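Structure at a glance
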Amino acid sequence: MGRRLVNGVEAGAVAADDRGLQYGDGLFETMAARDGRIRAFALHMARLEVGCARLGIPMPAPALLEEECLRVLEDLGTGVIKLVVTRGTGPRGYRPPREPTVTRVVMASALRATAAAGEGIVVRVCEMRLARNARLAGIKHLNRLEQVMACAEWQDPEIAEGLMLATDDRVIGATAANIFLVRHGRLQTPEIRDCGVAGVMRQQVLNVAKTLELPVEIGDVDLSELRAADEIFLTNALTGIRPVIEVRGEGSWPNGEVTQTLRTRLEAVGEPG
Ligand SMILES: Cc1ncc(COP(=O)(O)O)c(C=O)c1O
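The present account deals with the structure reproduced in this document. Everything numeric in this text was worked out from a predicted model, so none of it was measured.

As a structural note, the neighbourhood of the ligand is formed by 14 residues, with Arg47, Lys140, Val200, Met201 and Ala237 the closest of them. Between Arg47 and the ligand, the recorded distance is 2.8 Å, taken from a side-chain N or O atom to an oxygen atom. Partitioned by chemical class, the residues of the shell around the ligand number six nonpolar, six polar and two charged.

Looking now at the side chain of Arg19. Looking at where Arg19 falls in the secondary structure, it is placed in helix H1 (residues 19–23). When its relative accessible area of 4% is taken as the criterion, Arg19 is described as buried. Only 3.2 Å separates the side chain of Arg19 from the backbone oxygen of Gly93, close enough to count as a polar contact. The residues touching Arg19, leaving out its near neighbours within four places in the chain, are Gly24, Asp25, Arg87, Gly88, Thr89, Gly90, Gly93, Tyr94, Arg95, Pro96 and Pro97.

What follows is about the nonpolar core. One recurring pattern in soluble globular proteins: nonpolar side chains tend to sit buried together. One finds Met31, Ile38, Phe41, Leu48, Cys69, Ile81 and Leu83 to be the most contacted residues of the largest nonpolar core, which totals 21 residues. Among the secondary structure elements, those contributing two or more residues to this core are strand S3 (26–34), helix H2 (41–55), helix H3 (62–73), strand S5 (79–86) and strand S6 (103–109). The next biggest cluster of nonpolar side chains, apart from the first, holds 18 residues, and it includes Ile121, Ile179, Leu181 and Val247.

Strands sit in the order S2-S1-S6-S5-S3-S4 across an open sheet of six strands; the sheet is antiparallel. Strand pairing shows two members of the sheet lacking a second neighbour, strand S2 (9–10) and strand S4 (37–38), which therefore form its edges. For S5 and S6, the ladder comprises seven bridges, and the chain directions are antiparallel. Bridge assignment links Val80 to a residue of S6, and that residue is Ser109. Sheet strands in contact with H2 are S3, S4 and S5, and its direction is about 180° off that of S3. Here H3 sits on the sheet and contacts strand S1 (4–6), S3, S4, S5 and S6; the angle it forms with S6, its principal contact strand, is near 35°.

Next up on the list: the packing of H2 against helix H5 (residues 200–211). At a minimum axis distance of 10 Å, the contact between H2 and H5 shows a crossing angle of 120°. On the basis of the axis angle, H2 is oblique to H5. Both H2 and H5 take part in a crossing whose hand is right-handed. Within the contact between the two elements, H2 uses Leu43, His44 and Arg47 and H5 uses Val200, Gln203 and Gln204.

Moving on, we get to the pattern of salt bridges. A complete count under the given rule lists 22 salt bridges for this structure. Between Glu67 and Arg71 there is a salt bridge whose closest N-O contact spans 2.9 Å. With a gap of four residues between them, Glu67 and Arg71 both fall in helix H3, about one helical turn apart. Among the charged side chains, a network of salt bridges with common partners joins Arg132, Asp168, Arg170, Glu191, Arg193, Asp194 and Asp220.

Where H5 meets helix H7 (residues 257–268), the closest approach of the two axes is 10 Å, and the angle between their N-to-C directions is 100°. Judged by the angle between their axes, H5 and H7 are roughly perpendicular. Residues Met201, Gln204, Val205, Val208, Ala209 and Thr211 of H5 form the contact with H7, whose own contacting residues are Leu262, Arg265 and Leu266. In terms of residue class, the contact of H5 with H7 is built from six nonpolar, two polar and one charged.

Right, let's get into the packing of aromatic side chains. Each pair of aromatic rings is reported with the distance of its centres and the angle of its planes. Counted according to the given criterion, the structure contains two aromatic pairs. When the ring of Tyr23 is compared with that of Tyr94, the centres are 5.0 Å apart and the planes differ by 65°; the resulting orientation is edge-to-face. Pair noted here: Tyr23 is in helix H1 and Tyr94 is in the loop between S5 and S6, with a separation of 71 residues, a long-range link. Residue Tyr23 is classed as partly exposed on the basis of its relative accessible area of 27%. Consider the rings of Phe180 and Phe233, whose centres lie 5.0 Å apart with planes at 10°: the pair is stacked. Remark: Phe233 occurs in strand S13 (residues 231–236) and Phe180 occurs in strand S10 (residues 177–183); sequence separation between them is 53 residues. The class of Phe180 is buried, set by a relative accessible area of 0%.

Together, Leu145, Val148 and Met149 give the surface a local cluster of nonpolar side chains, amounting to about 330 Å² of exposed area. Relative to the elements of secondary structure, Leu145 occurs in helix H4 (residues 145–151). Assessed through its relative accessible area of 63%, Leu145 is described here as exposed.

Across a regular strand the side chains alternate sides, sitting on one face of the sheet and then on the other. In terms of burial, S6 is largely enclosed, as five of its seven residues are buried. In the sheet, S1 pairs with S6 via three bridges, with the strands oriented antiparallel. Along S6, the bridge assignment pairs Arg4 with Met107.

Criteria and thresholds
- Residues numbered from 1 in each chain as written.
- Predicted model: local features only at pLDDT ≥ 70, side-chain atom pairs only at ≥ 80, totals over all residues.
- Heavy atoms only, no water.
- Near = heavy atom within 4 Å.
- Polar contact = N/O pair within 3.5 Å; in protein donor to acceptor, adjacent residues only side chain to side chain.
- Nonpolar A, V, L, I, M, F, W, Y, C, P; charged D, E, K, R; others polar.
- Helix = DSSP H or I, 4+ residues; strand = E, 2+ residues; numbered from the N terminus.
- Buried < 20%, exposed > 50% of the residue type's maximum accessible area, 1.4 Å probe, protein only.
- Contact = heavy atoms within 4.5 Å.
- Core = buried A, V, L, I, M, F, W, Y, C linked by side-chain atoms within 4.5 Å.
- Pairing = 2+ DSSP bridges.
- Axes fitted to C-alpha atoms, helices over the stretch in contact; angles between N-to-C directions.
- Parallel < 35°, antiparallel > 145°, perpendicular 65-115°, else oblique.
- Left-handed = near helix turned anticlockwise from the far one by under 90°.
- Salt bridge = Lys/Arg side-chain N within 4 Å of Asp/Glu carboxyl O.
- Phe/Tyr/Trp six-rings, centres within 6.5 Å; stacked < 30°, edge-to-face > 60°.
- Patch = residues over 30% accessible without salt bridge, like charges linked within 9 Å, V, L, I, M, F, W, Y side chains within 5 Å.
- Areas by Shrake-Rupley, 256 points an atom, 1.4 Å probe, with all protein chains shown as cover.

Without other data, these values stay purely geometric and don't point to any function.
Right under this line is the structure:
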């Protein structure tokens, strides 16, 4: 187990009445670190800030969060940092306290070895659907039961991820990733308007696409468009770009040229590919 800090204190603990535990009343960020440096920290802070504003939780100072993240990373250098920010403790009941004392949890762990994801992964379509609520979309709040239940649907170790659809059958992403399709040299990714998380790696891919002058369409995606895609890939801050070579029961795809170009370009700007 890596180092962890609760409100800056090593071996600290979260109170039983913390609203993060009681109601999932908080937010989190999962960040990649390499050689003592946190990747895309500013983008993670930007998403956390949007989440804090949406939920009305005071945003801790990014400089304090960075200092704590670097502290837990000291021994490890390369790995994963998970940051959790909750509305803290409060009296029984849903009503948020007027002046919350925010809880910060920062922990480091080693990167899990993923089997040659660069060559492509096999995924499936989950039965679990994502509920639609524009006010909760985009942010990385602590309520993740849909993803937990979706991940419980399969045991096959060959299946690396599960695609998730909204209750109206639109493709939104995977349990812990965003999705991109490539069709006729254009990128397509679902709009995050009423469900899904606005991924940091998704943003980085969009930024790189711009520099490559690759046309991008952000809109609704359904399974028939997915089947018609030339290439498919998933994005996540830890795993970067992972080409999808098979969606069980839906079809197979190559680890295509556009996906590989984007991976190379992300590596060139110092991000995991
Ligand atoms: C539901 C969900 N969507 C998308 C993502 C990808 O986000 P990011 O690129 O910030 O890792 C994650 C990351 O864990 C996630 O949990």
